[in-house]
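Okay, here's what each chain looks like letter by letter:
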Amino acid sequence: MIPRAAVLLLVLASAGVCFLGEHAWADSQLRYYRSNGAAMLLEEISIEEREQHKYYLTQARPKSELELRTLYREGDPILTRRLSYRDGAVQWEEDLDGEVVLSRREFSDGRRLQAEERFEEGELALRLEYSYREHRIERISAFDREGALLYCDHYSYRSDGRLRRIVRSCPPRDSGSDESGGRASGGNDSGEEAPGFYAEFRFVEGMLRSEWHEYEGHTAAVSYDRVGRLAQLETWLGDSYKRVQDYQYQTAEPGSTIEFERIRVPQQEWEELRRFDDEGMLSGRVVQHEGQIVERDEYEYAEGLLIEERRYRQDKVQTVRYDYDEDGSLREEAWVRNGEPERLRQYHADRRVIELRYRDGRPVLRIEYRDDERLREEVIRDGEVVRVREYGTE
């Protein structure tokens, strides 16, 4: 690990090199390349061709051991990359916004990425260290600005070289830089204290098929189908609560919309089924408790906007109708319970809302709001306003 003070000295020294070398960069011969948002040297082009590309990059080499690249998007510079070479290989590189360092990467003699540092407002915020087995990444360790271990990612592969699993673990809060890889639910075989956080990602044929997360008694398991869509989400809170969400899609094609979502809490004998239409909009939901339907909702749309919602609760039916302006802004909401009006809300362009409340089908109160602040109330009896309340603003 590089001490924080040493990192700051490196940053200041690098900034000094750039400042002292401005004229050297300007006097050196520039080369132009077609590029992309990742600042890659894709193809060398002439200076006349640069305006033909959304991204282009300039390269300057005033000295054999130093290089400066500037990435342009539509003619405007958006990133500067400074590289240092040793024996023809990149020793380190930095990305800068002006003179502010955004990130720094260090490479081994074999040109492998050894460490990456990310900065916020010129201050070190995160350091990643990489280790390899043969030609593959074996572990990535993340450290905070003070050098304390945040987490470790461990990579394992199949015999054909395809990624099989990634395990992320982090130590307990008071364990310093312990890199124990045991599971949070029961420790590891060596008897070391279990980490405070554990995550595992499993791949099949290069595609993520499942995840497992544990943190302070909370556990989540995520499964994906063969085309990468979310198939099931299970969550636990200790041994006392489990929630299961299952997803079913219209067809087996990757771009198919969702058809059903089923949510279950087995311990409480509670279940919710959500149904979706061909556009992926929620069209209905049913809630059951101990085998009995306790809630049922239906939704109706027009041109992508919800226009009616029907809520069935035991012997009551509440309908909410929505009306919109030509630009799609909500203009009016009307609540009806068992066929009788219950409430009406009208939305105005000056941020005012007028709400009319009913009792036994007759209006009894009109309330005026602006920005959710009550301005005025009118008490209505037999269709006539009998009392008015005004509310001042502070």
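On a predicted model such as this, the values are computed, not experimentally measured, just so you know.

## Observations concerning the overall build of the protein chain
Okay, so step 1: Looking only at helices and strands, the protein chain has 2 helices and 29 strands in total.
Okay, so step 2: Sorting the 394 residues of the protein chain into buried and exposed places 34% on the buried side.
Okay, so step 3: In the protein chain, of all internal contacts separated by at least 6 residues, the share reaching a separation of at least 24 is 16%.
Okay, so step 4: Of the roughly 24000 Å² of accessible surface on the protein chain, a fraction of 46% belongs to carbon and sulfur atoms.

## Comments concerning the state of the cysteines
Okay, so step 1: One pass over the full model with this rule turns up 0 disulfides.
Okay, so step 2: With no disulfide of its own, Cys-152 lies 9.5 Å from the sulfur of Cys-170, the closest cysteine sulfur.
Okay, so step 3: Assessed through its relative accessible area of 1%, Cys-152 is described here as buried.
Okay, so step 4: Given a relative accessible area of 12%, Cys-170 falls into the buried group.

## As for the packing of aromatic side chains
Okay, so step 1: Scanning all chains against the criterion turns up 4 aromatic pairs.
Okay, so step 2: Ring geometry for Tyr-56 versus Tyr-72: centroids 4.8 Å apart, planes at 5°, classification stacked. Taken together, the positions of Tyr-56 in strand S3 (residues 55-63) and Tyr-72 in strand S4 (residues 66-73) put the pair 16 residues apart, joining distant regions of the chain.
Okay, so step 3: In this structure Tyr-72 comes out as buried when scored by relative accessible area, which is 19%.
Okay, so step 4: Ring centres 5.7 Å apart and planes at 35° place the aromatic pair Trp-212 and Trp-236 in the tilted group. One end of the pair, Trp-212, is in strand S14 (residues 207-215); the other, Trp-236, is in strand S16 (residues 230-237), and 24 residues separate them in sequence.
Okay, so step 5: Taking relative accessible area as the criterion, Trp-212 reaches 27% and is therefore assigned partly exposed.
Okay, so step 6: Trp-236 sits in the partly exposed class, given a relative accessible area of 22%.
Okay, so step 7: A network of ring pairs unites the aromatic residues Tyr-32, Tyr-56 and Tyr-72 as a single cluster.
Okay, so step 8: Above the face of the Tyr-312 ring, Arg-296 is positioned so that its terminal group lies 4.0 Å from the ring centre.
Okay, so step 9: Lying across the ring of Trp-335, Arg-343 places its NZ or CZ 4.2 Å from the centre.

## Considerations on the pattern of salt bridges
Okay, so step 1: Going through the model one piece at a time under the given rule, you end up with 54 salt bridges.
Okay, so step 2: For Glu-205, the salt bridge goes to Arg-162, with nearest N and O atoms at 1.9 Å. Here Glu-205, found in the loop between strand S13 (197-204) and S14, pairs with Arg-162, found in the loop between strand S11 (149-157) and strand S12 (163-170); they are 43 residues apart in sequence, far enough to count as distant.
Okay, so step 3: For Arg-162, a relative accessible area of 38% corresponds to the partly exposed category.
Okay, so step 4: Residues Lys-242 and Glu-234 are paired through a salt bridge, measuring 3.3 Å at the closest nitrogen-oxygen approach.
Okay, so step 5: Residue Glu-234 is classed as buried on the basis of its relative accessible area, which comes to 17%.
Okay, so step 6: Overlapping salt bridges, with partners in common, bring together Arg-82, Glu-94, Arg-104, Glu-106, Glu-117, Arg-127 and Glu-129 in one network.

Calculation criteria
Residues numbered from 1 in each chain as written. Predicted model: local features only at pLDDT ≥ 70, side-chain atom pairs only at ≥ 80, totals over all residues. Heavy atoms only, no water. Helix = DSSP H or I, 4+ residues; strand = E, 2+ residues; numbered from the N terminus. Buried < 20%, exposed > 50% of the residue type's maximum accessible area, 1.4 Å probe, protein only. Contact = heavy atoms within 4.5 Å. Areas by Shrake-Rupley, 256 points an atom, 1.4 Å probe, with all protein chains shown as cover. Disulfide = S-S within 2.5 Å. Phe/Tyr/Trp six-rings, centres within 6.5 Å; stacked < 30°, edge-to-face > 60°. Lys NZ or Arg CZ within 6 Å of the ring centre and 35° of its normal. Salt bridge = Lys/Arg side-chain N within 4 Å of Asp/Glu carboxyl O.

Just distances and angles here, no functional claims.
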